[in-house]
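# Observations on the model geometry
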Amino acid sequence: MIRKDLPEMPCRELVELITEYLEDRLSPIDRTRFETHLAGCEACRTYLDQFRKTIRVLGRLPEESLSPEARNILLAAFRDWAR
């Protein structure tokens, strides 16, 4: 059901909230806005599908397979990402 009383969620906001969506950490209102946007946006549905596939594939990689240098580079790259 599409809720006309809620503000639309632009693609950029959906991309910023995708992790929270997948971790079930969105408010009920934002979850509704997110899912309403998905219902009408093929590009964002594709992005969500790609994100889920990436998580599935990376979830199979043992932490030990990552060199300490690569680990430090990734941690540095994402340290301030949410800010």
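Residues numbered from 1 in each chain as written. Predicted model: local features only at pLDDT ≥ 70, side-chain atom pairs only at ≥ 80, totals over all residues. Heavy atoms only, no water.

## Some words on the overall build of the protein
Within the protein, the secondary structure is distributed over four helices and zero strands. Each helix and strand of the protein, ordered N terminal to C terminal, gives the series α-α-α-α. Taken against the 2.2 N^0.38 rule, which gives 12 Å for 83 residues, the C-alpha radius of gyration of the protein at 16 Å runs more than 25% over that of a compact globule. The dimensions of the protein, computed from C-alpha atoms along their principal axes, are 50 × 25 × 20 Å. In the protein, which comprises 83 residues, the proportion classed as buried is 17%. (Helix = DSSP H or I, 4+ residues; strand = E, 2+ residues; numbered from the N terminus. Rg over C-alpha atoms; globule rule 2.2 N^0.38 Å. Buried < 20%, exposed > 50% of the residue type's maximum accessible area, 1.4 Å probe, protein only.)

## A short note on the pattern of salt bridges
A complete count under the given rule lists seven salt bridges for this structure. A salt bridge links Arg 12 to Glu 16; the nearest nitrogen and oxygen atoms lie 3.5 Å apart. With Arg 12 and Glu 16 both in helix 1 (residues 11–22) and four residues apart, this pair spans about one turn of that helix. An identical accessibility class is assigned to Arg 12 and Glu 16; each is exposed. Notably, a salt bridge pairs Arg 33 with Asp 30, separated by 2.9 Å at the nearest N-O pair. Linking Arg 33 with Asp 30, this pair stays in helix 2 (residues 28–40), spanning three residues, or about one helical turn. Each of Glu 13, Asp 30 and Arg 33 takes part in one network of salt bridges that share partners. (Salt bridge = Lys/Arg side-chain N within 4 Å of Asp/Glu carboxyl O.)

## Overview of the confidence of the model for the protein
Within the protein, residue pLDDT values average 86, and 90% of them lie at 70 or more. Mean pLDDT values over the elements of the protein span from 83, in helix 4 (residues 68–78), up to 96, in helix 2. (pLDDT = per-residue confidence, 0-100.)

## Side note on the packing of aromatic side chains
Counted by the stated rule, this structure contains two aromatic pairs. Taking the centre distance of 4.0 Å and the plane angle of 15° together, the rings of Tyr 21 and Phe 34 count as stacked. Note that Tyr 21 is positioned in helix 1 and Phe 34 in helix 2, a separation of 13 residues in sequence. Seen from their ring centres, Tyr 47 and Phe 51 are 5.9 Å apart, and the 50° between their planes marks the pair as tilted. Placement of both Tyr 47 and Phe 51 in helix 3 (residues 42–58) is noted, with a separation of four residues, approximately one turn of the helix. Accessibility expressed as a relative area gives 21% for Phe 51, which makes it partly exposed. (Phe/Tyr/Trp six-rings, centres within 6.5 Å; stacked < 30°, edge-to-face > 60°.)

## A closer look at the environment of Thr 36
Position of Thr 36 among the secondary structure elements: in helix 2. In this structure, the C-alpha to C-alpha distance between Thr 36 and Leu 48, residues 12 residues apart in sequence, is 14 Å. Among the polar contacts listed, one links the side chain of Thr 36 to the backbone oxygen of Thr 32, at a separation of 2.7 Å. (Polar contact = N/O pair within 3.5 Å; in protein donor to acceptor, adjacent residues only side chain to side chain.)

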